[in-house]
Structure formats: structure tokens, C-alpha cells
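Below, each chain spelled out in residue letters.
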Amino acid sequence: MVTARQRAVLASWARPRRASTGRYGGVVRLWLGTRVRVAVAEQRVLAHLPPSPSDLAGVADLSAGPRAERLAARTLLRMLLAAELGRKAGAAPIAAQDSGQPHLPEWPEVTVSLSHDAGMVAAALGRGVPVGVDVQVPVPAPPALLRRCCAPAVRAALDRLPEPARDREFAWIWTVQEACVKAIGAGLTGRPWAIPVPAGRRTGRWADLRWVSLRGYSRVPISVAHGVGTR
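Moving on: the pairing of strand β7 (residues 120-127). Of all 8 residues making up β7, 7 are buried, and the element is well covered by its neighbours. Alignment of strand β3 (residues 36-42) against β7, held across 7 bridges, turns out to be antiparallel. Within β7, the residue paired with R37 across the bridge is L125. Pairing analysis gives 8 bridges linking strand β6 (residues 110-117) to β7, with the strands arranged antiparallel. Each bridged residue has a counterpart across the sheet, and for S113 the counterpart in β7 is A124.

Structure below.
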């Protein structure tokens, strides 16, 4: 069991710190410890930036909406890489693992993660630690989904909330669950619904990961999970 003191120490390690966005107005860039960086933006903020030709080639078969979201997420990741590791990293090829998780073949020590939903995009990078990020615009959560993803005590806490607040809080929970399985490279095969996440919590641990919900930094729920080497 995690003690109150341990939770306080965890929170101090994991608390996001806002970094300078430089010339990229409208992008929130955060530091989580010494090894993890996160960027969050509305898709429209990135619309005027030309995408990488290699990124364009990778979305040629998608329809207009998904293509624009995918390109915006890749553009945000490249901005984050350039800001943290230099221009060469920002222009590096982005490939995909068999699981679909993005990776940088030329930068094997750097892990990356992307997410986008309904006009919001997020990107994360880890230096020597696994990382996963997930964004979820709140939608109505049916009772069956709540039963699958939440422990009884969490469901009881959600049931006490008005419906819009309940759906928003469940979106925060789901982003934590998704970020965790992304960090281990498992996706849905990692059974994200089985990961215990308390209602209203900003930070926590699961397996060998820490997770942080970016409450107060984004208008929609976004959470990041990363290896415990970050301190």
C-alpha cells in the first residue's frame, strides 16, 4: 500500500513544470521530471505549419479528418523533438512498431508517444524511459463501460457526480489507463480497463510506471505515463 508520505514524494517528482514555448504560440510544453517532455495543442494552432513530406506519405490513404489529426500530432511531436533535442531530431524519420507505437529508428534512446481526439493533439518523449500519452474528449459513458473500467468504489464516486462531470471524470480515468498501456507498447492487448485509477487523482503508479493527469494544463483530459527512472 502506498503511504501518504510516498504519495507526497511521488507528487513532487511528477508535478508538471511549464517550459517556454519559444516561437510556437498556443503550444503548452511541460516537463515531467528530468527525462519526460510533453506538448499539448489544439489542432487548429498547428494548421499553418507545413507537415514533413515523410509524414504526408504515411497518411495518404486516410480521409481528410483523420489525416489532418494525424499530421497535426506528428507536427507537434517534431516541434517537441526539435525544442528538446535539436533540429536534427525534429527532422528524424518516425516509424511504427508492430504494435503501432511510433518510434525513432535514428534515436533508439528516445521513446515517443502521440494522441489526438476531436481537435486536440498531444505528444510526449522520454529519454531512456518508456512513455505513453493519451487525450480523450469526454463522451457519454454507458454503465457497462463504467463497470468494465472502474472498481466499485470508483463507480460509486462517479455516480455521485452530475452527468457531464461524471463523463469528464471518466475521461480522465480512461486517459490514464490508455497512457499506461501505450507506455508498455501493448495497446488494447494490455487490457487498459483493468488498470486501477482512483477518481480525482492527479498522479499515481501502476506496475513500473508513474502516471500524471495534466489537470489544469489542458481543456480536455490528457494523461501521461512514464518509466520510474524519471526523477
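Strand order across the open sheet formed by 4 strands is β8-β11-β10-β9, with antiparallel pairing between neighbours. Pairing within the sheet leaves two strands with one partner each, and these edge strands are β8 (131-135) and β9 (203-206). Sheet twist, expressed as the average angle between the axes of neighbouring strands with direction ignored, equals 20°. Sheet strands in contact with helix α7 (residues 163-183) are β8, β9, β10 (209-213) and β11 (222-227), and its direction is about 150° off that of β8.

The next subject is the pattern of salt bridges. Taken as a whole, this structure holds 10 salt bridges when the rule is applied. The shortest N-O distance in the salt bridge between R78 and D55 comes to 2.8 Å. With R78 in helix α3 (residues 64-85) and D55 in helix α2 (residues 53-58), this residue pair connects regions lying 23 residues apart in the sequence. D55 matches R78 in its accessibility class, with the two residues each being buried. Where E84 meets R127, a salt bridge forms, and the shortest distance between an N and an O atom there is 3.6 Å. Of this pair, E84 sits in helix α3 while R127 is found in strand β7, placing the two residues 43 residues apart along the sequence. A residue is classified by how much of its surface remains accessible, and R127, at 32% relative accessible area, is partly exposed. Ionic contacts of the salt-bridge type, sharing partners, join the residues R29, R37, E84 and R127 into one network.

Quick notes on the rules
- Residues numbered from 1 in each chain as written.
- Predicted model: local features only at pLDDT ≥ 70, side-chain atom pairs only at ≥ 80, totals over all residues.
- Heavy atoms only, no water.
- Buried < 20%, exposed > 50% of the residue type's maximum accessible area, 1.4 Å probe, protein only.
- Helix = DSSP H or I, 4+ residues; strand = E, 2+ residues; numbered from the N terminus.
- Pairing = 2+ DSSP bridges.
- Axes fitted to C-alpha atoms, helices over the stretch in contact; angles between N-to-C directions.
- Contact = heavy atoms within 4.5 Å.
- Salt bridge = Lys/Arg side-chain N within 4 Å of Asp/Glu carboxyl O.

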